[in-house]
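Chains, contacts and geometry: an overview
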Amino acid sequence: MTALALNTDVGEGFGVWGPADEGELLDQVTAANVACGFHAGDPDILRRTCEASTARGVAIGAQVSYRDLAGFGRRFIDVPPATLVNELLYQMGALEVFARLAGGRVSYVKAHGALYNAAARHTGHAAAIVEAVALYDSTLPLLCQPRTAVWARALEAGVRPLAEGFIDRGYTDEGLLVPRSAPGALITDPAEAAERALRMAESGTVVSVSGSVVRIAPDGGELAALCVHSDTPGAVGLAAAVREALASGGVAVGPPGAAADRVGVRP
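Residues numbered from 1 in each chain as written. Predicted model: local features only at pLDDT ≥ 70, side-chain atom pairs only at ≥ 80, totals over all residues. Heavy atoms only, no water.

1. Quick look at unusual backbone geometry
Our working definition: The numbering of helices and of strands both runs from the N terminus, where a helix is a DSSP run of H or I of at least 4 residues and a strand a run of E of at least 2. Burial classification: accessible surface area is computed with a 1.4 Å probe over protein chains only, and a residue below 20% of its type maximum counts as buried, one above 50% as exposed, and the rest as partly exposed.
Positive phi values are uncommon outside glycine, yet Phe72 reaches one of about 60°. Considering the arrangement of structural elements, one finds Phe72 in the loop between strand 3 (59-64) and helix 3 (81-101). On the basis of relative accessibility, which here comes to 21%, the residue Phe72 falls in the partly exposed class. Its identity as a non-glycine residue notwithstanding, Arg147 has a phi of 60°, on the positive side. Mapped onto the elements of the fold, Arg147 is located in the loop between strand 5 (142-144) and helix 6 (149-157).

Set out below in structure tokens:
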């Protein structure tokens, strides 16, 4: 079994708000989804987060979002796709500067919040994400969910999608995420999170909030990444429990690029 990336959202502050030190969480993961300034983050935070990540050998990913600081990127914004492409490029470019100053680089892309969820079905915004990645660096992996609009568009455009599972979020019977306002949206028990992570890694499935077994890995392939959100209560403990469970199950962890062969596709 090849390496599985364990990623988390970091740098999600603004000015004096937000966590000052995410070192404990970064110690547990292999990839950092860094907020690029549109849903959270500012120049000081971007630079500090990139430095903390590279110091630990953690891969830096651009977590791009709608322009929505007030809503933390969790509100759908009906921005024209052409404008969205430019906004995503702007965010990736901003993060790249600080990643390089820290001795690293942006090595993958992942949408945040409402944009991530919308791109599952919104063909225009899915295409905008893929176009932005292709224009910026077509070799960068794109973390997303299989059997979604953004996954299909990535394959069509020759961008490499990496299948992602969410350790701390509830799933619908369709294999998509339960809205945060709905019952069962968050998983906060470390033991449950560890069990879910190992199941995802080994079988590519998850038990939905209705009790159904749902496949979330791509057809003919495996998951390439698992995510735990930094703002989930007890995130450090969840990540540590997951890391221990994966190790006990013989599942190696590494940066997203190391998981490229797990997707089961060759775009």
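There is more to say after this.
2. Here we look at the pattern of salt bridges
To keep it simple, the criterion reads: Note on definitions: salt bridges are taken to be side-chain nitrogens of Lys or Arg within 4 Å of carboxyl oxygens of Asp or Glu.
Summed over all chains, the structure comprises 10 salt bridges. In this structure, Arg100 engages Glu96 in a salt bridge whose closest nitrogen and oxygen atoms are separated by 3.1 Å. Within this pair, Arg100 and its partner Glu96 are both found in helix 3, separated by four residues, close to a single helical turn. Judged by its relative accessible area of 58%, Arg100 is exposed.

3. Here we look at the nonpolar core
Applied cut-off: The criterion is simple. A nonpolar core is a set of buried Ala, Val, Leu, Ile, Met, Phe, Trp, Tyr and Cys residues joined through side-chain atoms within 4.5 Å. Contacts between residues were defined by any pair of non-hydrogen atoms, one from each residue, lying within 4.5 Å.
Within the largest apolar cluster, 69 residues are counted, with the highest numbers of intra-cluster contacts made by Leu88, Leu95, Ile129, Leu142, Val150, Leu223 and Leu226. Sort the elements by how many residues they give to this core and helix 3 lands first, with seven residues. Those residues in contact with Leu88 that sit more than four places away from it in its chain are Val64, Ser65, Leu115, Ala128, Ile129 and Ala132. Listed in part, the eight residues of the second largest apolar core include Leu143, Leu162, Ala224 and Ala225.

4. Regarding the pairing of strand 4 (residues 106-111)
As a reminder of what qualifies: Call a crossover right-handed when, viewed with both strands pointing away from you, the route from the first strand across the helix to the second goes clockwise. Criterion used throughout: strands pair if DSSP finds at least two bridges between them.
In terms of burial, strand 4 is a largely internal element, five of the six residues being buried. Between the parallel pair strand 3 and strand 4, the chain is carried across by helix 3, and the sense of this crossover is right-handed. The sheet contact formed by strand 4 and strand 5 spans two bridges and is parallel. Its bridge partner lying in strand 5, Val109 is registered against Leu142.

5. A short note on the sheet that holds strand 3
Keep this limit in mind: Where helices are involved, their axes are fitted lines through C-alpha atoms of the stretch in contact, as for all axes, and angles between N-to-C directions lie from 0 to 180°.
One closed barrel holds the seven strands; their spatial order is 1-2-3-4-5-6-9, and the pairing between them is parallel. Averaged over neighbouring strand pairs, the angle between their axes works out to 35° when direction is ignored. Its contacts with the sheet put helix 8 (residues 235-248) on strand 1 (5-10) and strand 9 (225-228), and the angle it makes with strand 9 is roughly 155°.

6. Details of helix 5 (residues 123-137)
As a reminder of what qualifies: Here the expected span of a helix is defined as 1.5 Å times the quantity of residues minus one.
Over its 15 residues, helix 5 extends 21 Å from the first C-alpha to the last, a length consistent with the 21 Å expected when each residue adds 1.5 Å. Every buried residue of helix 5 is accounted for by Gly124, His125, Ala126, Ala128, Ile129, Val130, Ala132, Val133 and Asp137. In this structure, the buried residues of helix 5 make contact with helix 3, strand 4, helix 4 (113-118), strand 5 and helix 6.

7. A word on the pairing of strand 1
Counting buried positions along strand 1 gives six out of six residues, so the element sits mostly inside the fold. Every second residue of strand 1 is oriented toward a common face, with Ala5, Asn7 and Asp9 on one face and Leu6, Thr8 and Val10 on the other, all of them buried. Where strand 1 meets strand 9, four bridges bridge the pair, whose relative direction is parallel. Residue Asn7 lies in a different strand from strand 9, and its bridge partner there is Cys227. As paired strands, strand 1 and strand 2 (residues 31-35) are joined by four bridges and run parallel to one another. When the bridges of strand 2 are listed, Asp9 appears paired with Asn33.

8. Points about the side chain of Thr8
Position of Thr8 relative to the elements: it lies in strand 1. Look past the residues within four positions of Thr8 in its chain and what remains in contact with it is Leu25, Val29, Ala31, Ala32, Asn33, Val228, His229 and Ser230.

9. So, the packing of helix 7 (residues 190-203) against helix 8
For clarity, the cut-off: Small angles under 35 degrees read as roughly parallel and large ones over 145 as roughly antiparallel, with 65 to 115 read as roughly perpendicular and the rest as oblique. By definition, any crossing whose near helix is turned counterclockwise from its far helix by less than a right angle is left-handed, and any crossing with a clockwise turn is right-handed. Only Asp, Glu, Lys and Arg are considered charged, only Ala, Val, Leu, Ile, Met, Phe, Trp, Tyr, Cys and Pro nonpolar, and every remaining residue, Gly among them, polar.
As a packed pair, helix 7 and helix 8 sit with axes 8 Å apart at the nearest point and diverge in direction by 45°. By the angle between their axes, helix 7 is oblique relative to helix 8. Between helix 7 and helix 8 lies a crossing of right-handed hand. Between helix 7 and helix 8, the residues in contact are Pro190, Ala193, Ala194, Ala197, Leu198 and Ala201 and Gly237, Leu238, Ala241, Val242, Ala245 and Leu246, respectively. When the residues that make up the contact of helix 7 with helix 8 are grouped by side-chain class, the tally is 11 nonpolar, one polar and no charged.

10. Some points on the packing of helix 5 against helix 6
Two numbers describe how helix 5 lies on helix 6: the axes approach to 9 Å, and their chain directions differ by 45°. By the criterion of interaxial angle, the relationship of helix 5 to helix 6 is oblique. Of the two elements, helix 5 crosses helix 6, and the hand of that crossing is right-handed. Contacts between helix 5 and helix 6 pair Thr123, Ala126, Ala127, Ile129 and Val130 from the former with Ala149, Val150, Arg153, Ala154 and Ala157 from the latter.

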